[in-house]
Amino acid sequence: MARERSLDLVEISPNAVPPVCKIQDYGKYLYEKDKSERAARKKQKVITIKEVKFSVTVDEPTIRPRKTRLSAFWGRATR
């Protein structure tokens, strides 16, 4: 029946008694599965870590702008 329709016979649940199979276009199934996985990844929230590095040899004119940016960052409501 699957060959007549040019489709694939896909085994859904091999451990069931009797095994469950489905007639479908396997290429289309893989495409839709990949598409849904991409959509799920797109909706994920990405967490970024912000760093400020200081060394022992840094002068005061270099520290001052970093310090103000850091205090502004801490002052904002962050999640």
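What counts, and at which threshold
Residues numbered from 1 in each chain as written. Predicted model: local features only at pLDDT ≥ 70, side-chain atom pairs only at ≥ 80, totals over all residues. Heavy atoms only, no water. Patch = residues over 30% accessible without salt bridge, like charges linked within 9 Å, V, L, I, M, F, W, Y side chains within 5 Å. Areas by Shrake-Rupley, 256 points an atom, 1.4 Å probe, with all protein chains shown as cover. Salt bridge = Lys/Arg side-chain N within 4 Å of Asp/Glu carboxyl O. Helix = DSSP H or I, 4+ residues; strand = E, 2+ residues; numbered from the N terminus. Buried < 20%, exposed > 50% of the residue type's maximum accessible area, 1.4 Å probe, protein only. Pairing = 2+ DSSP bridges. pLDDT = per-residue confidence, 0-100.

This paragraph deals with a nonpolar patch on the surface. Judged by side-chain polarity, M1, L9 and I23 come together as a nonpolar surface patch covering roughly 320 Å² of accessible area. Mapping M1 onto the fold places it in the segment before β1 (8-13). The exposure class of M1 is exposed, given its relative accessible area of 63%.

Looking now at the environment of S6. Positionally, S6 belongs in the segment before β1. With a relative accessible area of 65%, S6 lands in the exposed category.

Bridge analysis of β1 against strand β2 (residues 20-24) gives 5 bridges, and the strand direction is antiparallel. Each residue of the ladder has a partner; that of V10, found in β2, is K22. Where β1 folds back on β2, the antiparallel hairpin that results is connected by 6 residues.

We now examine the pattern of salt bridges. Enumeration according to the criterion identifies 1 salt bridge in this entry. The shortest N-O distance in the salt bridge between D34 and R38 comes to 3.3 Å. Of this pair, D34 and R38 both sit in helix α1 (residues 26-42), 4 residues apart, which is roughly one turn of the helix. Judged by its relative accessible area of 33%, D34 falls in the partly exposed class.

Assignment of secondary structure puts T48 in the loop between α1 and α2 (60-75). With 13 residues separating them in the primary sequence, T48 and P61 have C-alpha atoms 27 Å apart.

On to the confidence of the model for the protein. Overall, the predicted model of the protein reaches an average pLDDT of 82, with 95% of residues at or above 70. Between the elements of the protein, mean pLDDT differs from a low of 81, seen in α2, to a high of 90, seen in α1.

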